[in-house]
Amino acid sequence: MAKARLIIYEAGKNPRELEILGDVTTFGRTKDNSVSFPNDGNVSRFHAQIERQGDDFYVSDFGSSNGTSLNNRIVSSAKLIKDGDQINFGGDNSYVIFKGQEESSDEILEEDEDGDSLSSNVNAQPNANQKSETPNPKSSVPVIVTAAAVLGGLAVAAVIGFVVVTQTNVLSRGCEMPEVTILSPETGIKITEPTEIEVQVKNPKCLDRLAYSLDGEEIASAETAPYSVTLDPENLKEISRDAVHILTIAVIDRNGASKIQSDELELTFGKEPVKSGNQQSGSPSDAPADNSATPKSAQITVAETKTLSEQFLKQFPGSYKLNTGFLIEVQKKTAEYSAGGFSNRALPFRDQINHAFIEEQGLDAPLGYLLAMTRSKFDNKKNGANEGLWQMTNDFAASNGYNGQCGGETLSDAKQICAARAAAIYTKALVVNLFQGDVLYGVSCFGMPPSEAGQFQISLPPDRSDFWNVIKSQKQRDMLARFFAAGIVAENPARFGLKQDKPLSSLYKNLIIIK
């Protein structure tokens, strides 16, 4: 396996070195990251990552506020990094130099009292007396001044002149970062013909260009006012016509600094449908379900999705990796669960869920509620053959013995006593009996026949922490993304503009179980 290391630079501190040991190395402001920059306000809490893929390494941004750059170019999607590449996080204060295996060692060294060289601890903060042998790219000017002083008068004057010019250029970077607001189109529309993305740019004085990205991949650039671009579905043939895509804009100033804007669009693409009668383009049949009604205040970034997903995972045992592709899917699906009233719809079924899932089956308290939110949003209506809050069929429940305690009731019974018991028995069969308490893999199989879930369980590798790459089935992936999206909205309703709703945890957090 290829080895690599990072030389880490942070304002006010000596450079330090870290060997990349795992598959994913994360960067951000909090100590939860592999590498943290706690004193740099330009770095987001969870900012970026380097991911090992075989013998190669790729850097990607987590949707940070101020962006990530690779050799002064904005990182809008996963980029291959090579020996000597410089990666900046949010600006010029926090960055790393990537060192590949091929290079000769130039480790950070310090001398002991006898003058012998010792390798520094790559995982520790640099010692206050540590003398770094690794050159800092930003310290070249003082080194030149020192060397010039040895050469004498004219050389000193020449170098001082160079320093003055260099410092002047650095000071000219004090431009205010431009800000972009999207004027049109509205979020949630379907683009069926060439459509102009109109924007308003504040503080354009130092703007070099705007970079437009779709799902993190740059697709267009605008370098002159009014900085608008036109999206043509015919030029985007590779994207899915059925999925919702996220359009973001990054501003790049004249010094290469970049920042992804908070204003973004949810879009779908397709050809203009054949019209009949008086049907007009833009009718409800053209709009993606649920997303068009989502207020902009309810939208969240990928970085915020990561933070909320990490909080969500704390409710369950286990340690998992949150893949960026997975977080994008969760971000998209939160719009589908951002309709108000879910806590009031859940309230009448509180006793049934608590009794069946928690008291009878001993499952984690949130599971019954989150599965119901995921499957039906607590709307107890029949959907084809699926019935009840957990959207199961009576035939499925009967053939597997999950409705043995239902008596004469069915899954569609108004009180949902039968549905709660059947769903709880099925959930325990998946999560506890089949996956030994692994909630995520059990949830991913919800809706599958037990035999099919068993075959999937047998195929799993020993290390399954990176569940998004382990699970290949699109149906299972979709179930997990919805489970997270439903859970994030259900526990943070105010963040999604649902001021009348209460977190679902209020229905079970003070429950006292008597056994």
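Heads up: the structure comes first, above all this text.
Source: prediction; values computed, not measured. (Residues numbered from 1 in each chain as written. Predicted model: local features only at pLDDT ≥ 70, side-chain atom pairs only at ≥ 80, totals over all residues. Heavy atoms only, no water.)

S.K.: Pulling in residues and values, what's your account of helix H9 (residues 417-434)?
M.R.: With 18 residues, H9 should reach 26 Å at 1.5 Å per residue; the first-to-last C-alpha distance of 25 Å fits that figure. The sharpest bend along H9 comes to roughly 25°, located at Lys 428. Among the residues of H9, Cys 418, Ala 419, Ala 420, Ala 422, Ala 423, Ala 424, Tyr 426, Thr 427, Leu 430, Val 431 and Leu 434 are the ones counted as buried. In this structure, the buried side of H9 is in contact with helix H6 (350-360), helix H7 (367-376), helix H8 (394-399), helix H10 (439-444) and helix H11 (450-458). Two residues or fewer past H9, Gln 436 is found with a positive phi of approximately 50°. (Helix = DSSP H or I, 4+ residues; strand = E, 2+ residues; numbered from the N terminus. Expected span 1.5 Å × (residues − 1). Bend = angle between axes of the 7 residues up to and from the residue. Buried < 20%, exposed > 50% of the residue type's maximum accessible area, 1.4 Å probe, protein only. Contact = heavy atoms within 4.5 Å.)

S.K.: Please provide a residue-by-residue account of the packing of aromatic side chains, values included.
M.R.: What characterises a pair of aromatic rings is the spacing of the ring centres plus the angle enclosed by the ring planes. Per the counting criterion, the structure on display carries 23 aromatic pairs. Aromatic pair Phe 312 and Phe 483: ring centres 5.4 Å apart, planes at 75°, arrangement edge-to-face. Residue Phe 312 is located in helix H3 (residues 302-313), and its partner Phe 483 is located in helix H13 (residues 474-491); the two are separated by 171 residues in the primary sequence. Its guanidinium or amino end placed over the ring of Tyr 337, Lys 377 lies 5.3 Å from that ring's centre, counting from NZ or CZ. Taking the ring centre of Tyr 441 as reference, the NZ or CZ of Arg 464 above it sits at 5.2 Å. (Phe/Tyr/Trp six-rings, centres within 6.5 Å; stacked < 30°, edge-to-face > 60°. Lys NZ or Arg CZ within 6 Å of the ring centre and 35° of its normal.)

S.K.: Explain the environment of Gly 325 to me, and be specific about the residues and the numbers.
M.R.: Looking at where Gly 325 falls in the secondary structure, it is placed in helix H4 (residues 324-333). Its relative accessible area of 30% is what places Gly 325 among the partly exposed residues. Taking the C-alpha atoms as reference points, Gly 325 and Trp 468, separated by 143 residues in sequence, lie 8.1 Å from one another.

S.K.: Lay out the environment of Leu 498 with the relevant residues and their values.
M.R.: Tracing the sequence through the fold places Leu 498 in the segment after H13. Residues Leu 498 and Gly 341 lie 157 residues apart in sequence; the distance between their C-alpha atoms is 8.0 Å. Among residues more than four places away in sequence, those in contact with Leu 498 are Tyr 337, Ser 338, Ala 339, Gly 340, Phe 342, Val 489 and Pro 493.

S.K.: Summarise the pattern of salt bridges; cite the residues concerned and give the values.
M.R.: Across all of its chains, the model carries 16 salt bridges by this definition. One salt bridge connects Arg 5 with Glu 17, and the closest N-O pair in it is separated by 2.9 Å. You can see Arg 5 sitting in strand S1 (residues 5-10) and its partner Glu 17 sitting in strand S2 (residues 16-19), a full 12 residues away along the chain. We classify Arg 5 as buried; its relative accessible area is 12%. Of the charged contacts in the structure, one is a salt bridge between Lys 382 and Glu 387, with a shortest N-O distance of 3.7 Å. By relative accessible area, which is 57% here, Lys 382 ends up exposed. (Salt bridge = Lys/Arg side-chain N within 4 Å of Asp/Glu carboxyl O.)

S.K.: Can you break down the layout of surface pockets residue by residue, with the values?
M.R.: The computed volume of the second largest pocket comes to approximately 850 Å³. What lines the second largest pocket is a set of 47 residues, among which Asp 61, Phe 62, Gly 63, Ser 64 and Val 302 lie closest to the centre. Mapped by element, the contributors of at least two residues to the lining of the second largest pocket are strand S5 (48-53), strand S6 (56-61), strand S17 (207-214), strand S20 (245-253), strand S21 (258-260), H3 and H4. Of the residues contributing to the lining of the second largest pocket, the split by class is 15 nonpolar, 23 polar and 9 charged. (1 Å grid on protein atoms, 1.4 Å probe; cavity = no way out; pocket = protein on both sides within 12 Å on 5 of 7 lines; lining within 4 Å. Points joined across faces, edges and corners; volume = space filled by probe spheres on them. Nonpolar A, V, L, I, M, F, W, Y, C, P; charged D, E, K, R; others polar.)

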